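# Per-entry structural report
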Amino acid sequence: MSKDNAKKPAKKKKQKQQQPEANPATLLQSPPLPPIEGPGRAMVIMAHPDDADFLCAGTVAKWCAEGWEVVYVVVTSGDKGTHDPAMHPEKLAAIREEEQREACRVLGVKECIFLGYPDGFTSESAELRGQIVRLLRLYRPDVVITWDAFRGTFNHRDHRNVGQATMDAIYPIVRDRLFYQQHEHEGLESHQVNEVLLAGAENPDYTVDITDYWEKKIAAILCHTSQLGGRTREDFLRDRAEREKREPGKPIEERFRRWSIRRPPRMPQQAQAGAEPRQKPQRAAG
Ligand SMILES: [Zn+2]
């Protein structure tokens, strides 16, 4: 019997069945994670000016209104983000840094730190990791928001690298004093970040209702004039009105994959056995 004859369609079918399949329904039916309690300190670590405001400005606005202390760390100054033939990188970096600072003022963010890497040229390096570890030891946040570096679908290399460097910095490096021991000479002690919210995640499991902070979020996004291609507040208002017509009363949410160093227990199932699984996302999360 030749090898060719040995290939039977039934065998192929069996192989196909063995492929692991994602089951989003499992995630949707899990009881919700309890809200992160505050007010506390948060650090948002992103690759480019505007990343944070598109991904999580509603959550940041909510936290700032609740008395949280929020710091932004922006690894590059987005100096490639243009189609303007007359623009050059230094000028664009200055414009985008100022746009980001203005958005921070709108939201009530305490400080905005630029690390000055060239746009598109980040790598998951010991240097970048060390800079992030130092800032974590200096500002001592309870919660960090960063890019989800582990998603399987396409992402910008800076998003991926910044997410990876941040996750590696958080666990276990920032916690263990012998990593980057030179920080001790500056008087900085080791620190533990308890919660990470990964933005841009494929399978988010944590939602923050930002309905009351949507206007603030749009005001922050509108500060990034160089990136909006002429879009105005009226455009965003029209989009929202259309959404409301389509899905009346549906809360506006930001969604994250939550990663906890000490994983919190899930909230008790709201539905009793035999009842329908949870249909609506939690309104009070955050
Ligand atoms: Zn970006």
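Overview of the structure. (Residues numbered from 1 in each chain as written. Predicted model: local features only at pLDDT ≥ 70, side-chain atom pairs only at ≥ 80, totals over all residues.)

Of all 6 residues making up strand β1 (residues 41–46), 5 are buried, and the element is well covered by its neighbours. Looking at chain direction, β1 and strand β2 (residues 69–76) are connected through 6 bridges and run parallel. Bridge pairing links Ala-42 to Val-70 in β2. With respect to chirality, the unit in which β1 leads through helix α4 (residues 51–65) into the neighbouring parallel β2 is right-handed. With 4 bridges joining them, β1 and strand β4 (residues 143–147) adopt parallel strand pairing. Along β4, the bridge assignment pairs Ala-42 with Val-143. (Buried ≥ 20, exposed ≤ 12 C-beta atoms within 10 Å, placed from the backbone. Helix = DSSP H or I, 4+ residues; strand = E, 2+ residues; numbered from the N terminus. Pairing = 2+ DSSP bridges. Right-handed = clockwise from strand over helix to strand, strands pointing away.)

General note: in soluble globular proteins, nonpolar side chains tend to be found buried as a group. By size, the foremost hydrophobic cluster in this structure holds 58 residues, and its most contacted members are Val-44, Val-60 and Leu-107. The greatest single-element share of this core, amounting to 8 residues, is contributed by α4. Discounting chain neighbours no more than four positions away, the residues touching Leu-107 are Ala-57, Val-60, Ala-61, Cys-64, Lys-216 and Ala-220. (Core = buried A, V, L, I, M, F, W, Y, C linked by C-beta atoms within 7 Å. Contact = placed C-beta atoms within 7 Å.)

Time to look at α4. In this model, α4 (15 residues) spans 21 Å end to end at C-alpha, consistent with the 21 Å of a helix rising 1.5 Å per residue. Approximately 75° is the largest bend angle found in α4, and it occurs at Ala-57. For α4, a buried count of 13 out of 15 residues is recorded, marking the element as mostly surrounded by other parts of the structure. Gly-67 lies just past α4 and shows a positive phi near 95°. (Expected span 1.5 Å × (residues − 1). Bend = angle between axes of the 7 residues up to and from the residue.)

Between Gly-38 and the following residue, Pro-39, the backbone shows a cis peptide bond with an omega angle of 0°. Within the fold, Pro-39 resides in the loop between α3 (24–29) and β1. The step from Tyr-171 to Pro-172 runs through a cis peptide bond, and the omega angle for that step is -5°. Considering the arrangement of structural elements, one finds Pro-172 in the loop between α7 (157–170) and α8 (182–185). At Arg-140, a position not held by glycine, the phi torsion is positive, near 50°. Position of Arg-140 relative to the elements: it lies in the loop between α6 (126–139) and β4. Despite not being glycine, Tyr-180 has its phi angle at roughly 50°, a positive value. Tracing the chain through its elements places Tyr-180 in the loop between α7 and α8. Looking at Tyr-180, the number of C-beta atoms within 10 Å reads 20, which means it is buried.

Here the focus is the sheet that holds strand β6 (residues 206–209). Pairing within the open sheet is mixed, and its 7 strands lie in the order β3-β2-β1-β4-β5-β7-β6. Looking at which strands have only one partner, the edges of the open sheet turn out to be β3 (111–117) and β6. This sheet shows a mean twist of 25° between the axes of neighbouring strands, independent of strand direction. Sheet topology places β2 next to β3; 5 bridges connect them, and they run parallel. From the neighbouring strand, Val-71 faces β3, where its bridge partner is Glu-111. With respect to the sheet, α6 is in contact with β1, β2 and β3, its orientation differing from that of β1 by roughly 165°. The strands that α7 touches are β1, β2, β4 and β5 (195–199); relative to β4, the one it contacts most, it runs at about 150°. (Axes fitted to C-alpha atoms, helices over the stretch in contact; angles between N-to-C directions.)

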